[in-house]
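# Coordinate analysis (summary)
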Amino acid sequence: MFGARCMRLVLRRCSSAPCPRHAATPKLLRVREALEVRDPAGQDIKVQGWVRSVRSQKDVLFVHMNDGSSLENLQVVADPGLGPSDLTFGSSVEVQGKLIKSPHKRQNVELAAENIRVVGPCDVLAFPLKYKTHHPLDYLRQFPHVRCRTNSLGALLRLRSEATAAIHSFFKDNGYLHVHTPIITSNDCEGAGEIFQVESANEKRVPGENPHFFDVPAFLTVSGQLHLEVMAGAFSKVYTFGPTFRADDSQSRRHLAEFYMVEAELSFAESLQDIMQAMEDLFKKVTDTVLSSCPRDVELFHKHVAPGQEAKVERMLKNRFIMMSYTEAIEVLKRARQEFIYKPEWGRDLQTEHERYLVQHCGEIPVFVFNYPYDLKPFYMRDNEDGAQHTVAAVDLLVPAVGELCGGSLREDRPDFLQSRLQRLGLEDTYQWYIDLRRFGSTPHGGFGMGFERYLRCILGVENIKDVIPFPRFSHSCVL
Ligand code: 4AD
Ligand code: MG
């Protein structure tokens, strides 16, 4: 069989009489582009990438190469003599040859090589990835500098890129303006104290002079919300999508010190319904787009990493998300037969175990929990003025396995309410500009933030948040 294959290669090479087409420079194709050619006619092409496998037989050499553009590798077939001695697993190569129909059912095309050049050899013994080995995600986590060359991280990073594009499209198609909110800020939007302070490393501390680079304490942003509120006051519907930082001393599977947050702010939003609708539309539209644009990458997760996940995602997409007030949620939790580590009690925050239970209770359909106790939430949330069980117009979206995916609220747009709340917190001076916004043509408004890595975990079924971001940062770990 391989003899016949080799003959075919040799024959083709011998019969290629010089003609202008052959004299032309071979076209550089990505692996994906080469694989998508339906009727290959022996066109001259060049492909650059990394070797996933090399198998040399008596008459033929097989090389699988990948350049990150697709989950599938391109098969290269060649005379064994054509392979340089340093052509190994992990090396980077440039292969030039003819794209031909493959005799194998599992692939449409293959590249009959005429020249194979090793661009960068790979020290295979020291290389953390091993040939023909399935590397679990937690093993790969140790090697953030090479894990992107595996099938799982390759698929994940393509999906991440696709989801990013889908998020931008969603907002553009729905009339939102994209705003770059600052990374360095002088406010702690959430007031939870989980902030990283920013100072110059070269600071010359002169006694008596202001010690801060910016004259005021400055922090890495925990949320772009307050800046978005400024912009919503001019553009009505705005969003931002960028890195967010929390000095959360947690090694949990759902917390990072640096994560990406999608945040939207809507002026003239009078009810939490508007905010919930925007969250649900975003989730469903982006997920639909990702599932249809990268089916093979999604399949890797849904079939191999998290079997059964496909049906779970389907369920989330097909059903209307459920709505439940915080007060109802506490009642459901109190009635639960399950023992919780943290006893559910009105006035206490929902823990991950509670959030997961509530989603299970709702048949694994995402659930909006709204109207949280006033004392649990940040100063900017709108007071519901509802008496003894005092709540604010806050809403969290809880999803299967992950728990909280989005947090949002109506914002306190009444200057007197806001002023007295900030006064009580001793923050009136810091947030004078924010109070002023309520005096200069304010509108009822609200918005939300969605954790991008939690979103990826939710749709792909990945257990640990550290496996859905290229370079995870968390307490005691900042590798690279
Ligand atoms: O609920 P959070 O804290 O809400 C805000 O920051 C609002 N200011 C957003 C807004 O209304 N514009 O965070 C929003 C989401 C959470 O629901 C969660 O998905 C994610 O951000 N998140 C984290 N993701 C990973 N690691 C962490 N440490 C996270 N903290 C929050
Ligand atoms: Mg929250």
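Just so you know, the residues in each chain are numbered from 1, in the order the chain's sequence is written. Following the order in which they are written, the chains are lettered starting with A and the ligands numbered starting with 1. Confidence filtering applies because this is a predicted model: local features only for residues at pLDDT of at least 70, side-chain atom pairs given and counted only at 80 or more, and all residues used for totals across whole chains, interfaces and linings. As a rule here, side-chain values cover all heavy atoms of the structure and leave hydrogens and water aside.

### Digging into the overall build of the protein chain
- Every helix listed is a DSSP run of H or I at least four residues long, and every strand listed is a run of E at least two residues long, numbered separately from the N terminus. A tally of regular secondary structure across the protein chain gives 14 helices and 17 strands.
- Overall size of the protein chain, expressed as C-alpha extent along the three principal axes, is 90 × 60 × 40 Å.
- Buried positions account for 50% of the 480 residues belonging to the protein chain.
- The contact criterion used throughout is that any non-hydrogen atoms of two residues lie within 4.5 Å. A sequence separation of at least 24 residues applies to 68% of the contacts in the protein chain between residues at least 6 apart.
- Throughout, the Shrake-Rupley method with a 1.4 Å probe supplies accessible areas, and for residues the shown protein chains are the sole cover considered. Just so you have it, the protein chain exposes about 23,300 Å², and 53% of that area is on carbon and sulfur atoms. Here's how the labels work: a residue is buried when its accessible area is under 20% of the maximum for its type, exposed when over 50%, partly exposed in between, all with a 1.4 Å probe on protein chains only.

### What about the site of ligand 1?
- Whether a residue is near a molecule or strand is decided by its heavy atoms; if any one of them lies within 4 Å of it, the residue is near. Neighbouring ligand 1 are 24 residues; Glu 190, Gln 225, Glu 263, Glu 404 and Leu 405 lie closest to it.
- Counted as a polar contact is a pair of N or O atoms within 3.5 Å, where, for protein atoms, one must be capable of donating a hydrogen and the other of accepting one, and residues adjacent in sequence contribute only when both atoms are in side chains. With respect to ligand 1, the side chain of Glu 404 contributes an N or O atom lying 2.6 Å from an oxygen atom.
- At 2.7 Å from an oxygen atom of ligand 1 is found a main-chain nitrogen or oxygen belonging to Leu 405.
- Protein contact buries 94% of the 630 Å² of open area that ligand 1 shows by itself.

### Digging into unusual backbone geometry
- Of note, the phi angle at Lys 132 is positive, near 55°, even though the residue is not glycine.
- Structurally, Lys 132 is set in the loop between β6 (109-120) and α4 (137-140).
- Here Lys 132 falls in the exposed class, since its relative accessible area comes to 70%.
- In this structure, Glu 385 is a non-glycine residue whose phi angle is positive, near 45°.
- Considering the arrangement of structural elements, one finds Glu 385 in the loop between β14 (367-373) and β15 (391-399).
- Residue Glu 385 is classed as partly exposed on the basis of its relative accessible area, which comes to 49%.

### Topic: the pattern of salt bridges
- Criterion for a salt bridge: a side-chain nitrogen of Lys or Arg within 4 Å of a carboxyl oxygen of Asp or Glu. Under the counting rule described, the total for this entry stands at 26 salt bridges.
- Arg 32 serves as the salt-bridge partner of Glu 36, at 3.2 Å between the closest nitrogen and oxygen.
- When its relative accessible area of 40% is taken as the criterion, Arg 32 is described as partly exposed.
- Across the pair Arg 438 and Glu 229 runs a salt bridge, and its minimum N-O distance is 2.8 Å.

### Remarks on the domain arrangement of the protein chain
- Where a domain begins and ends is set by an automatic assignment or by a domain database. When the domains of the protein chain are assigned, the result is domain 1 (4-120) and domain 2 (147-467).
- A quick way to say it: buried area is the sum, across both parts, of accessible area lost when two parts are put together, with a 1.4 Å probe. Together domain 1 and domain 2 conceal approximately 690 Å² of surface at their shared face, both sides included; 41% is due to carbon and sulfur atoms.
- Applying the counting rule to domain 1 against domain 2 returns one salt bridge.
- Here Glu 72 makes a salt bridge to Arg 296, at a shortest N to O gap of 3.2 Å.

### Topic: the sheet that holds strand β11 (residues 237-245)
- The strand order β7-β11-β12-β17-β16-β15-β14-β13 describes an open sheet built from eight strands, whose pairing is mixed. Looking at which strands have only one partner, the edges of the open sheet turn out to be β7 (177-178) and β13 (322-325).
- Here, any two strands with at least 2 DSSP bridges between them count as paired. Pairing of β11 with strand β12 (residues 258-267) involves nine bridges; the strand directions are antiparallel. Residue pairing in the sheet places Phe 245 in a bridge with Glu 258 of β12.
- Axis definition: a line fit to C-alpha positions, over the contact stretch in the case of helices; interaxial angles, taken between N-to-C directions, run 0 to 180 degrees. Against the sheet, helix α5 (residues 151-173) contacts β7, β11, β12 and β17 (445-451), and its axis sits at roughly 150° relative to β11.
- Contacts from helix α11 (residues 352-361) reach β13, β14, β15 and β16 (403-410), with the element oriented near 70° to β15.

### So, the side chain of Asp 67
- Among the structural elements, Asp 67 can be located in the loop between β3 (61-66) and β4 (74-78).
- A distance of 2.9 Å separates a polar side-chain atom of Asp 67 from the backbone nitrogen of Val 31.
- Ignoring any residue separated from it by four or fewer positions in sequence, one finds Asp 67 in contact with Arg 30, Val 31, Gln 48, Gly 49 and Trp 50.

### Points about the side chain of Glu 453
- Locating Glu 453 in the fold gives a position in helix α14 (residues 452-460).
- Since its relative accessible area comes to 1%, Glu 453 is described here as buried.
- Excluding its chain neighbours within four sequence positions, the residues that come into contact with Glu 453 are Arg 160, Leu 256, Phe 259, Tyr 260, Ile 465, Val 468 and Ile 469.

### Points about the packing of aromatic side chains
- Between 30 and 60 degrees the pair is tilted, below 30 it is stacked and above 60 it is edge-to-face, where a pair is any two Phe, Tyr or Trp rings, Trp via its six-membered ring, whose centres lie within 6.5 Å. Evaluated as defined, the whole model comprises 20 aromatic pairs.
- Ring centres of Phe 171 and Tyr 176 lie 4.8 Å apart, and the angle between their planes is 75°; this geometry places the pair in the edge-to-face category.
- The class for Phe 171 is buried, based on a relative accessible area of 0%.
- When the centroid spacing of 5.6 Å and the interplanar angle of 85° are considered together, the rings of Phe 283 and Tyr 455 count as edge-to-face. Placement of Phe 283 in helix α7 (residues 272-293) and of Tyr 455 in helix α14 is noted, with a sequence separation of 172 residues between them.

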